[in-house]
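# What the coordinates show
Here are the chains, one letter per residue:
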Amino acid sequence: MSANANFYLNDPTLSPYFNSLPVAVRKIILDSGVQVSTLGELQQIAEHYRGNLVSE
């Protein structure tokens, strides 16, 4: 499963969290092509990228 906006927006479990992320983090996740299958995975990935944005 490849990452695309429709995947996150159409999943009732992932959508609220994905939409709550800063636009820059959402873009990085979509551009990275990471494969996410659970909310926990999405949260870990988002926190990783959010941390990278803060440290840059």
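Our structure's up above, just so we're on the same page.
Reading the values: the criteria
- Residues numbered from 1 in each chain as written.
- Predicted model: local features only at pLDDT ≥ 70, side-chain atom pairs only at ≥ 80, totals over all residues.
- Heavy atoms only, no water.
- Core = buried A, V, L, I, M, F, W, Y, C linked by side-chain atoms within 4.5 Å.
- Buried < 20%, exposed > 50% of the residue type's maximum accessible area, 1.4 Å probe, protein only.
- Helix = DSSP H or I, 4+ residues; strand = E, 2+ residues; numbered from the N terminus.
- Contact = heavy atoms within 4.5 Å.
- Phe/Tyr/Trp six-rings, centres within 6.5 Å; stacked < 30°, edge-to-face > 60°.
- Salt bridge = Lys/Arg side-chain N within 4 Å of Asp/Glu carboxyl O.

Time to look at the nonpolar core. Soluble globular proteins tend to pack their nonpolar side chains together in the buried interior. Counting twelve residues, the largest nonpolar core consists of Tyr8, Leu14, Tyr17, Phe18, Leu21, Val25, Ile29, Val36, Leu42, Ile45, Ala46 and Tyr49. Residue assignment for this core shows that the elements contributing at least two residues are α2 (15-20), α3 (23-32) and α4 (39-55). Top contributing element to this core by residue count: α4, with four residues. With sequence-adjacent residues up to four places away left out, Leu21 is seen in contact with Arg26, Ile29, Ala46 and Arg50.

The next point concerns the packing of aromatic side chains. In total, this model carries two aromatic pairs according to the counting rule given. Ring centres of Phe7 and Tyr8 lie 5.1 Å apart, and the angle between their planes is 75°; on these two criteria the pair is classed as edge-to-face. Ring geometry for Tyr8 and Phe18: centres 4.5 Å apart, planes at 10°, overall stacked. One end of the pair, Tyr8, is in helix α1 (residues 5-10); the other, Phe18, is in helix α2, and ten residues separate them in sequence. Exposure class is identical for Tyr8 and Phe18. Each is buried.

The next subject is the pattern of salt bridges. Applying the stated criterion across every chain, the model contains two salt bridges. For Asp31, the salt bridge goes to Lys27, with nearest N and O atoms at 2.6 Å. Taken together, the residues Asp31 and Lys27, both in helix α3 and four residues apart, mark about one turn of the helix. Residue classification places Asp31 among the exposed positions, given a relative accessible area of 55%. Residue Glu47 pairs with Arg50 through a salt bridge whose shortest N-O separation is 3.7 Å. Linking Glu47 with Arg50, this pair stays in helix α4, spanning three residues, or about one helical turn. Classification of Glu47 as partly exposed rests on a relative accessible area of 43%.

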